[in-house]
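Working through the structure, step by step
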Amino acid sequence: MLTLYSYWRSSAAYRVRIALNLKGLSYRQVPVHLVRDGGEQHGEAYKALNPQGLVPLLVDEESGGVRIAQSLAILEYLDEIFPVPALLPGDPLERAAVRAMALHIACEVHPLNNLRVLQYLGRELGASEQEKSAWYRHWLAEGLAAVEQGLMAYGETFSLGKRPGYLEACLIPQVYNARRFDCDLDGYPRILALTARCEPLAAFAQAAPQAQPDAQ
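The name recorded for the chain in an unreviewed UniProt entry is Maleylacetoacetate isomerase, from Phytopseudomonas dryadis. According to the UniProt record, the Sequence similarities (unreviewed entry) comment for the chain reads "Belongs to the GST superfamily. Zeta family."

Scanning the chain for helices and strands turns up nine helices and four strands. Taken from N to C terminus, the helices and strands of the chain fall in the order β-α-β-α-β-β-α-α-α-α-α-α-α. Scaling as 2.2 N^0.38, a compact globule of 216 residues should have a C-alpha radius of gyration of about 17 Å, and the chain matches this with 17 Å. C-alpha extents for the chain along the principal axes are approximately 45 × 45 × 30 Å. For the chain, buried positions account for 47% of its 216 residues.

With that out of the way, let us pick up the sheet that holds strand 2 (residues 28–31). Across the sheet, four strands lie side by side as 2-1-3-4; this open sheet has mixed pairing. With partners counted over all chains shown, the strands left at the sheet margins are strand 2 and strand 4 (66–69), one partner each. On average, each strand axis in the sheet is inclined to that of its neighbour by 20 degrees, with strand direction left out of account. In terms of strand pairing, strand 1 (residues 2–6) meets strand 2 through four bridges, oriented parallel. Bridged to T3 within strand 2 is R28. The sheet contacts of helix 1 (residues 11–22) involve strand 1 and strand 2, and relative to strand 1 the element is tilted by about 155 degrees.

Before going further, it helps to examine the packing of helix 6 (residues 129–150) against helix 7 (residues 166–180). Where helix 6 contacts helix 7, the two axes come as close as 12 Å, and the packing angle between them is 145 degrees. Classified by chirality, the crossing of helix 7 by helix 6 is left-handed. Counted together, Y136, L140 and V147 of helix 6 and L171, Q174, N177 and A178 of helix 7 form the full contact between these two elements. When grouped by side-chain class, the residues that make up the contact of helix 6 with helix 7 number five nonpolar, two polar and no charged.

A water-sized probe rolled over the atoms picks out the places where empty space is left. The calculated volume of the largest pocket comes to roughly 770 Å³. Lining of the largest pocket is provided by 35 residues; of these, S10, L34, H110, N114 and L115 occupy positions nearest its centre. Within the residue set of the lining of the largest pocket, elements represented by two or more residues are helix 1, helix 3 (71–81), helix 4 (92–113), helix 5 (115–123) and helix 7. Of the residues that constitute the lining of the largest pocket, the class distribution is 16 nonpolar, 14 polar and five charged.

Cut-offs and rules
- Residues numbered from 1 in each chain as written.
- Predicted model: local features only at pLDDT ≥ 70, side-chain atom pairs only at ≥ 80, totals over all residues.
- Heavy atoms only, no water.
- UniProt positions renumbered as here; feature names shortened; annotations may be inferred.
- Helix = DSSP H or I, 4+ residues; strand = E, 2+ residues; numbered from the N terminus.
- Rg over C-alpha atoms; globule rule 2.2 N^0.38 Å.
- Buried < 20%, exposed > 50% of the residue type's maximum accessible area, 1.4 Å probe, protein only.
- Pairing = 2+ DSSP bridges.
- Axes fitted to C-alpha atoms, helices over the stretch in contact; angles between N-to-C directions.
- Contact = heavy atoms within 4.5 Å.
- Left-handed = near helix turned anticlockwise from the far one by under 90°.
- Nonpolar A, V, L, I, M, F, W, Y, C, P; charged D, E, K, R; others polar.
- 1 Å grid on protein atoms, 1.4 Å probe; cavity = no way out; pocket = protein on both sides within 12 Å on 5 of 7 lines; lining within 4 Å.
- Points joined across faces, edges and corners; volume = space filled by probe spheres on them.

Take a look at the structure:
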């Protein structure tokens, strides 16, 4: 039994939902509301489970209730414990290329634009909604430009050839966030084409924020 502590709009949790679905794994979701009452992730009950105070958190009951935080660590764990179908290419160089782009999204783009950063900009630094939007769009544009170039290697296919995997699990949630903040994506045709190939697939549709039990 796998349990995923998640929030419907968390792009990091969204990545894990996609990966679980791509592998065909059953899991139970426990919603953690990131805004209500100052954020349930900051409460004692959740911090006892995950001292980082972030989502997602995966609990693997069959492995003694081990807890794994951080979305990319969870993806790596899933690929090692449930190796078929793989999320990463078999070739070391191809695997490194996928990891590099995924890490760029997860470590360079997303952290500058996530909820707690935007809240800090407004609450502590007095940034207006317009200024926060400008911040968001600036860093997103810089990050997606690099991804757009990286996708040249895949042409009109997925990162695993005929199927998506690790890279797409990281990219599609970032595109969702960009659309949510009305970012102009016209300059990223490869990203948009890959997104259009992924979104109709069941693994992605079922992982989408609006399809989650805690969606509002």
